[in-house]
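# Geometric and topological summary
These are the residues of each chain, in order.
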Amino acid sequence: MASIQDRTHEFKTCVESIRTRSAVGNRGTEAKQRLLQNGRASPKSEFSRMASAIGKDISSTTLKLNKLGQLAKRKTLFDDRPVEISELTFIVKQDIASINKQIAQLQAHAKQQEAKNASTSAEGKLLEEHNKNIIMMLQSKLAETSMTFKDVLEVRTQNMKESKSRTEQFMYTASSAANHPPSMLYRGTPDPMGDGSPTKAFDPKGKSRASQNGDVLALDLDAAEEGVGSSNGGAFMQMQLVEQQDSYIQQRSTAIESIESTIAELGQIFQQLAHMVAEQGERVQRIDADTQDIADNVRMGHNELLKYWGRISNDRWLMLKIFGVLIVFFLLFILVS
Amino acid sequence: MKIFAISILLAPPSGATSMLSSASDLSSFSFFQRGSIEEFMTFFAKTVSERTQQGQRQSVQENNYIAHVYNRGGAEQLCAVIICDQEYPVRPAFSLLSKLLDDFISKVQTSSYSNPSSISFPDIQNYLQKYQDPTQADTIMRVQQELDETKIVLHKTIESVLQRGEKLDSLVDRSNALSAQSKMFYKQAKKQNSCCSIM
């Protein structure tokens, strides 16, 4: 019976001592310490646990992103694996979103701690700063990952465009644009076109969706697929879907561009108008000057005539008299002689 | 260019769509056909909204009718459908749908989605009436139309300015001639005055 010792009391004192020790170091996480039931003295606060979890997530996401990048860089025309790529992109996106959320939670947690922690001790303050730094580092790492993600997506779209143009050169069908699908919308259903058979076996939703595109003719779709005969017929439908999406936006942009050009034209017309009116203004000035001259001339001529008339009307009496005298003299001369 | 019906549906991705609000203008059909056509419109709207993924726009043609669907998804999982004839321009149809959804979301609370009969959204009828003439209702088209009219007015203005220029030209010539003649008149008058020396 002595072999079974009851060391509960010792155990309890141990727990107490460790608790007090860790409580001094981690004042801010006192509430969380109660969770450490088994008395584990590890001062791992909730904060550092969350932070390490986030770090692990980030590293795993980076790995996946690298793999995605490698896949995207491949430039082969036919061996493109849209399923994988789209799955990976989807997963990476989700991961980034969840990491974002976790970091936000962590930040909120840290702020909570800060609010609770009214300590002025140097340790407490260091702890806060340490938490903040960790958060910033995690955020910058996440930003890096998202930038790389964006780059990978860009590379992927570029490659797709190139392969699209190359397929147009080689494959002369009306729907040759469909050979390489965008992976964003693809919901990861297994590619049913592996054996090259037309879409009768494909789920009818996809088929009806594709035929409802603006092109209307399902026949067109069938013929194109048989003509292409590649394993990407299923993906062809999605390209149509994306084109539908794009076309609305493109239509909008073309409409707005046409408005812009109309406004520019109107501006030009206004300018021409202004030019013509300015030119005509000069003519109006000439007319104005001419009419002034006319007015002056006519006035002066009128004055002259008035003078003349005045002279004559004054002199007539005298002239009559002179004439009368002359005539009398003449008569006298004739009578005398 | 007619719109036959507009409807807003709740379209959760699990497949069961329910109609939240709709308005239709079936005045072009005979009285007896209207009932069946209304049913057809509802069925059409439900089907295409079920077949459209979230965040996607689609156009489906069925005989003479085209349905433009915009499944916005998002938190409210709404989807708007407009059924119109083939002449109706596509882009304003989609912008109408977006506008309608925004309006609906702002005016009707999400809690009433589960009880469609309680939703009253009379604006949908206004939208239907207003957008029967898309060139007036849709902003981009209206701006384009006004710009075109302005361009026509400006062309006429330039023509009249040209005519004014011609008239001004003739005026210039005539005033020139008149000025010369008045000068001659003045000279003559002066000469007459100086020459008459009869005292």
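Going by the structure above, here's the rest.
Note that this is a predicted model, so its numbers are computed, not measured.

Our next topic: the overall build of chain A. Regarding its fold elements, chain A presents 8 helices and 0 strands. Tracing chain A from N to C terminus, the helices and strands come up as α-α-α-α-α-α-α-α. Residues classed as buried in chain A amount to 32% of the 337 residues present. For chain A, restricting intrachain contacts to residue pairs at least 6 apart in sequence, the fraction spanning at least 24 positions comes to 75%. Working note: accessible area of chain A is about 22,200 Å², and carbon and sulfur atoms make up 61% of it.

Residue and element names in this part refer to chain B. Along the chain, Thr 17 turns up in the loop between strand E1 (3-10) and strand E2 (18-24). Within polar-contact distance, the side chain of Thr 17 engages the side chain of Glu 50 at 3.1 Å. Ignoring any residue separated from it by four or fewer positions in sequence, one finds Thr 17 in contact with Leu 9, Leu 10, Ala 11, Lys 46, Ser 49 and Glu 50.

Our next topic: the interface of chain A and chain B. Accessible area lost upon the coming together of the parts is a frequently used measure of interface size. Between chain A and chain B, the residue contacts involve 49 residues of the former and 50 residues of the latter. Both faces combined, the contact of chain A with chain B buries some 4,700 Å², and carbon together with sulfur accounts for 62% of it. Applying the counting rule to chain A against chain B returns 2 salt bridges. Among the salt bridges present, the one from Glu265(A) reaches Lys151(B), with a minimum N-O distance of 2.7 Å.

The subject of this paragraph is the pairing of strand E3 (residues 56-62) of chain B. Along any regular strand the residues' side chains alternate between the sheet's two faces. All names here are of chain B. Of all the 7 residues making up E3, 5 are buried; the element is thus mostly covered by neighbouring parts of the structure. Relative to strand E4 (residues 65-73), E3 runs antiparallel, the two sharing 7 bridges. Pairing of Glu 62 across the sheet is with Tyr 65, part of E4. Taking the residues that link successive antiparallel strands as the turn, the E3-E4 hairpin has 2 residues, and the phi of Asn 63 there is positive, at about 50°.

Residue and element names in this part refer to chain B. All of the buried residues along helix H3 (residues 123-130) are Asp 123, Ile 124, Tyr 127 and Leu 128. Within H3, the buried residues cover an arc of 145° as seen down the axis, which keeps them to one side. Packing partners of the buried residues in H3 comprise E1, E2 and helix H2 (90-107).

Our focus in this paragraph is a nonpolar patch on the surface. A cluster of nonpolar side chains, namely Leu318(A), Ile322(A), Phe323(A), Leu326(A), Ile327(A) and Leu331(A), defines an oily patch on the protein surface of about 610 Å² accessible area. With respect to the helices and strands, the residue Leu326(A) is situated in helix H8 (residues 233-336).

Now for the nonpolar core. All names here are of chain B. The biggest cluster of nonpolar side chains holds 29 residues, and the ones touching the most others in it are Ile 3, Ile 6, Ile 8, Leu 78, Phe 104 and Tyr 113. Looking at this core, the element that brings in the most residues is H2, giving 7 residues. Beyond its immediate stretch of four places on either side in the chain, Tyr 113 contacts Leu 10, Leu 20, Glu 76, Leu 78, Phe 104, Ile 105, Val 108 and Ile 119.

The next subject is the environment of Ser86(A). With respect to the element layout, Ser86(A) can be found in helix H4 (residues 82-116). For the pair Ser86(A) and Leu68(A), spaced 18 residues apart in sequence, the C-alpha separation works out to 9.2 Å.

The next point concerns the packing of H2(B) against H3(B). Relative orientation and spacing of two packed helices are given, respectively, by the angle between their axes and the distance between those axes. All names here are of chain B. Put simply, H2 and H3 touch, their axes get as near as 11 Å, and they point 160° apart. It follows that H2 is roughly antiparallel to H3 by the angle criterion. Handedness of the crossing formed by H2 with H3: right-handed. Here H2 contributes Leu 96, Lys 99, Leu 100, Asp 103 and Lys 107 to the contact with H3, which in turn contributes Asp 123, Ile 124, Tyr 127 and Lys 130. Across the contact of H2 with H3, the residue classes break down as 4 nonpolar, no polar and 5 charged.

It is worth spelling out the pattern of salt bridges at this point. Enumeration over the complete set of coordinates arrives at 13 salt bridges over all chains. Among the ionic pairs, Lys307(A) bridges to Glu304(A), the shortest N-O distance being 3.7 Å. Of this pair, Lys307(A) and Glu304(A) both sit in helix H8, separated by 3 residues, roughly a single helical turn. On the accessibility criterion, Lys307(A) (53% relative accessible area) is exposed. Classification of Glu304(A) as buried rests on a relative accessible area of 9%. Among the ionic pairs, Asp103(B) bridges to Lys107(B), the shortest N-O distance being 3.5 Å. Here Asp103(B) pairs with Lys107(B), and both are found in helix H2, just 4 residues apart, close to one helical turn. Taken together, the shared-partner salt bridges connect Glu279(A), Arg283(A) and Asp169(B) into one network.

The next point concerns the packing of aromatic side chains. Here a ring pair, both rings aromatic, is described through the centre-centre distance and the interplanar angle of the planes. All names here are of chain B. By the definition in use, this model includes 7 aromatic pairs over all chains. Judged by centre distance (5.4 Å) and plane angle (20°), the ring pair of Phe 40 and Phe 44 falls under stacked. Of this pair, Phe 40 and Phe 44 both sit in helix H1 (residues 34-51), 4 residues apart, roughly one helical turn. Between Phe 40 and Tyr 65 the ring centres are 5.4 Å apart and the planes differ by 45°, which places this aromatic pair in the tilted class. Placement of Phe 40 in helix H1 and of Tyr 65 in strand E4 is noted, with a sequence separation of 25 residues between them. Linked through ring pairs, Phe 4, Phe 29, Phe 40, Phe 44 and Tyr 65 together constitute an aromatic cluster. The ring of Tyr 70 is capped by Arg 57, whose NZ or CZ atom sits 4.3 Å from the centre of that ring.

Another point: the sheet that holds E1(B). Residue and element names in this part refer to chain B. Strand order in this open sheet of 5 strands is E2-E1-E5-E4-E3, and the pairing throughout is antiparallel. Two strands lie at the open edges of the sheet, namely E2 and E3, each paired on one side alone. Averaged over all pairs of adjacent strands, the angle between strand axes in this sheet comes to 15°, irrespective of strand direction. In terms of strand pairing, E1 meets strand E5 (residues 78-84) through 7 bridges, oriented antiparallel. Among the inter-strand pairings, Ile 6 is bridged to a residue of E5, identified as Ile 82. Against the sheet, H1 touches E1, E2, E3, E4 and E5, its axis set at about 45° to E4.

Cut-off values and rules
Residues numbered from 1 in each chain as written. Chains lettered and ligands numbered in written order. Predicted model: local features only at pLDDT ≥ 70, side-chain atom pairs only at ≥ 80, totals over all residues. Heavy atoms only, no water. Helix = DSSP H or I, 4+ residues; strand = E, 2+ residues; numbered from the N terminus. Buried < 20%, exposed > 50% of the residue type's maximum accessible area, 1.4 Å probe, protein only. Contact = heavy atoms within 4.5 Å. Areas by Shrake-Rupley, 256 points an atom, 1.4 Å probe, with all protein chains shown as cover. Polar contact = N/O pair within 3.5 Å; in protein donor to acceptor, adjacent residues only side chain to side chain. Buried area = accessible area lost by both parts, 1.4 Å probe. Salt bridge = Lys/Arg side-chain N within 4 Å of Asp/Glu carboxyl O. Pairing = 2+ DSSP bridges. Arc of directions from axis to C-beta. Patch = residues over 30% accessible without salt bridge, like charges linked within 9 Å, V, L, I, M, F, W, Y side chains within 5 Å. Core = buried A, V, L, I, M, F, W, Y, C linked by side-chain atoms within 4.5 Å. Axes fitted to C-alpha atoms, helices over the stretch in contact; angles between N-to-C directions. Parallel < 35°, antiparallel > 145°, perpendicular 65-115°, else oblique. Left-handed = near helix turned anticlockwise from the far one by under 90°. Nonpolar A, V, L, I, M, F, W, Y, C, P; charged D, E, K, R; others polar. Phe/Tyr/Trp six-rings, centres within 6.5 Å; stacked < 30°, edge-to-face > 60°. Lys NZ or Arg CZ within 6 Å of the ring centre and 35° of its normal.

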